[in-house]
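For reference, the chains in residue letters:
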Amino acid sequence: MKRVASAVAWAALAVSAIWLAGPASAQERDFSKVQIKTIDLGHNTYRLEGEGGNITVAVGTDGIIMVDGQFAPLHDKIKAAITKISPLPIKYLINTHFHGDHTGGNGPFQTDGAIAVAQDNVRVRLAAGTANGVTGAKTPPVAPEALPKQTYTGGSIAVETGGRKAVLTHANNAHTDGDTWVYFADANVLCTGDIMNNNKRYQTIDFANGGDIRGAIRATDAFLKIANDDTKVMTGHGPLATKADIVEYNAMLKTVRERIEKLVKEGKSLDEVIAMRPLKDLDAKWAANDEAAIAYLKMVYGSFHRS
Ligand SMILES: [Zn+2]
């Protein structure tokens, strides 16, 4: 009986986590006022801010590599901003993970001729569709042209054009089960995707889709090995970050993991953990409000109960 009750509770939590992880669907948003801001990172590499995940643009001598594509309705504005940087074609659009605020541009950019590149679980999740727990609405599978045309399963691969090289590395089970982080060594630009943010807030762990705080720690440990004090860190959301921001975020993750894992090992239920509020001192800094603090507890606890 207890097993059944707990399975039901987990199903409910998994659904709410999808809601917490996912932005409002593109159809519900008004993109008319969004402006794309371009920031020069040096070495023919640029940061684009609009609505949704931050975009990185690396210009080679014969084409462009782009990391993340925000929402489909922003395609024309994003493309116009990139054309101002360079008239060369966008050859590759790298997806850091499947969430729609990062992959929405796949369809229109691939129709233009770009090849979307992702870890294979991105393709699987986009092809299958996901669910919105609050409204009960499902996000349908994306159109075939929006599925990444090139995928890899693990380790690292290189994507190159016109003298620019992006090294893509799969982070197992971090923000989702399909995370890729990207390093442009020539420009010393590191793109973390949503494994971390630089809003100084807890970052969503989409454990219902394979996310796990332990993977986020492994990935941020890897970032710290690659980054130096001059590295420009492009987090999925928030302003441009530095190695010091990774250090701070990584330390927070480790403290959180230690406290929650201990309670999980003691057999505490999710309700008991929430009642204890074991992250209260951290919440003051990292949680936007009480709801976000509780949501983060659920997501970290859920990391240890992934099915
Ligand atoms: Zn995300």
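Cut-offs and rules
Residues numbered from 1 in each chain as written. Predicted model: local features only at pLDDT ≥ 70, side-chain atom pairs only at ≥ 80, totals over all residues. Heavy atoms only, no water. Helix = DSSP H or I, 4+ residues; strand = E, 2+ residues; numbered from the N terminus. Buried < 20%, exposed > 50% of the residue type's maximum accessible area, 1.4 Å probe, protein only. Pairing = 2+ DSSP bridges. Axes fitted to C-alpha atoms, helices over the stretch in contact; angles between N-to-C directions. Contact = heavy atoms within 4.5 Å. Donors = N, O, S within 2.8 Å, 3.2 Å for Na, K, Ca; no water. Tetrahedral: all angles 85-135°; square planar, octahedral: opposite > 155°, others 65-115°. Salt bridge = Lys/Arg side-chain N within 4 Å of Asp/Glu carboxyl O. Polar contact = N/O pair within 3.5 Å; in protein donor to acceptor, adjacent residues only side chain to side chain. Arc of directions from axis to C-beta. Parallel < 35°, antiparallel > 145°, perpendicular 65-115°, else oblique. Left-handed = near helix turned anticlockwise from the far one by under 90°. Nonpolar A, V, L, I, M, F, W, Y, C, P; charged D, E, K, R; others polar.

S.K.: Sorry, what's going on with unusual backbone geometry here?
M.R.: With glycine set apart, most residues show a phi of negative sign, and most peptide bonds adopt trans. The phi angle at Asn44 is positive, at roughly 55 degrees, despite the residue not being glycine. Checked against the element boundaries, Asn44 lands in the loop between strand S1 (37-42) and strand S2 (45-49). Taking the relative accessible area as the measure of exposure, Asn44 reaches 47% and is therefore partly exposed.

S.K.: Please explain the sheet that holds strand S4 (residues 64-67) as it appears in this structure.
M.R.: Strands in a sheet are paired, the pairing made by backbone hydrogen bonds, and the direction either parallel or antiparallel. In space, the 7 strands of this open sheet follow the order S1-S2-S3-S4-S5-S6-S9, with mixed pairing throughout. Of all strands in the sheet, those with a lone pairing partner are S1 and strand S9 (150-152), marking the two edges. The mean angle between the axes of side-by-side strands here comes to 20 degrees, regardless of whether they run parallel or antiparallel. Direction of pairing for S1 relative to S2: antiparallel, over a ladder of 5 bridges. Bridge pairing in S2 places Gly42 opposite Thr45. Lying over the sheet, helix H2 (residues 75-85) contacts S1, S2, strand S3 (55-59), S4 and strand S5 (90-94), oriented at roughly 155 degrees with respect to S2. Sheet strands touched by helix H5 (residues 120-128): strand S6 (115-119) and S9. Its angle to S6, the strand with the most contacts, is close to 105 degrees.

S.K.: Explanation requested: the coordination of the zinc ion in the structure shown.
M.R.: When a metal carries six donors in an octahedron, the ideal angles between them are 90 or 180 degrees, while four donors in a tetrahedron ideally lie at 109.5 degrees. Protein-derived ligands of the zinc ion are His97 (NE2), His99 (ND1), His175 (NE2) and Asp194 (OD), with the metal-ligand distances lying across 2.2 to 2.3 Å. Coordination at the zinc ion is irregular, judged from the 4 donor atoms that bind it and the angles of 86 to 172 degrees they form at the metal.

S.K.: What is the right way to read the pattern of salt bridges from this model?
M.R.: Two side chains of opposite charge can pair, provided their charged atoms sit close to one another. Under the defined criterion, the tally for this structure stands at 19 salt bridges. Two residues, Asp62 and Lys91, come together in a salt bridge whose shortest N-O distance is 3.5 Å. Of the two residues, Asp62 is situated in the loop between S3 and S4 and Lys91 in strand S5; the sequence distance between them amounts to 29 residues. Judged by relative accessible area, Asp62 falls into the partly exposed class, the value being 34%. With relative accessibility at 30%, the residue Lys91 sits in the partly exposed group.

S.K.: Help me out: how do you make sense of the side chain of Asn250 in this one?
M.R.: Among the secondary structure elements, Asn250 is positioned in helix H7 (residues 243-265). Here the side chain of Asn250 touches Thr220 through a polar contact of 3.0 Å, side chain to side chain. Apart from residues no more than four positions distant in its own chain, Asn250 is found in contact with Ile217, Thr220, Asp221 and Leu224.

S.K.: Looking at this structure, how should I read H2?
M.R.: An α-helical turn contains 3.6 residues, so a residue and the one three or four places further along point in the same direction. Here H2 has its buried residues at His75, Ile78, Ala81 and Ile82. Projected down its long axis, H2 shows its buried positions confined to an angular sector of 135 degrees, all on one face. Summarising the geometry of H2, the exposed residues directed more than 90 degrees from the buried face are Asp76 and Lys84. Where H2 is buried, its residues contact S1, S2, S3, S4, S5 and helix H4 (106-111).

S.K.: Whenever I open this one, the packing of helix H6 (residues 213-226) against H7 confuses me. Can you help?
M.R.: The axes of two packed helices give the description: the angle between them and the distance between them. Packing of H6 against H7 leaves a shortest axis separation of 9 Å and a crossing angle of 150 degrees. In terms of their interaxial angle, H6 and H7 are classed as roughly antiparallel. Relative to H7, the crossing made by H6 is left-handed. For the pair formed by H6 and H7, the contact residues are Ile213, Arg214, Ala216, Ile217, Thr220, Asp221, Phe223 and Leu224 on the first element and Lys243, Ile246, Val247, Tyr249, Asn250, Leu253, Lys254, Val256, Arg257 and Glu261 on the second. Counted by class, the contact of H6 with H7 contains 10 nonpolar, 2 polar and 6 charged residues.

S.K.: Sorry if this is basic, but what is going on with the packing of H7 against helix H10 (residues 290-303) here?
M.R.: Axis separation between H7 and H10 bottoms out at 10 Å; the angle between their running directions is 70 degrees. Classified by the angle between their axes, H7 and H10 sit roughly perpendicular to one another. Remark: the crossing between H7 and H10 carries right-handed chirality. Along the contact surface, H7 presents Met252, Leu253, Val256, Ile260 and Val264, while H10 presents Tyr296, Leu297, Val300 and Tyr301. Among the residues making up the contact of H7 with H10, the classes are represented as 9 nonpolar, no polar and no charged.

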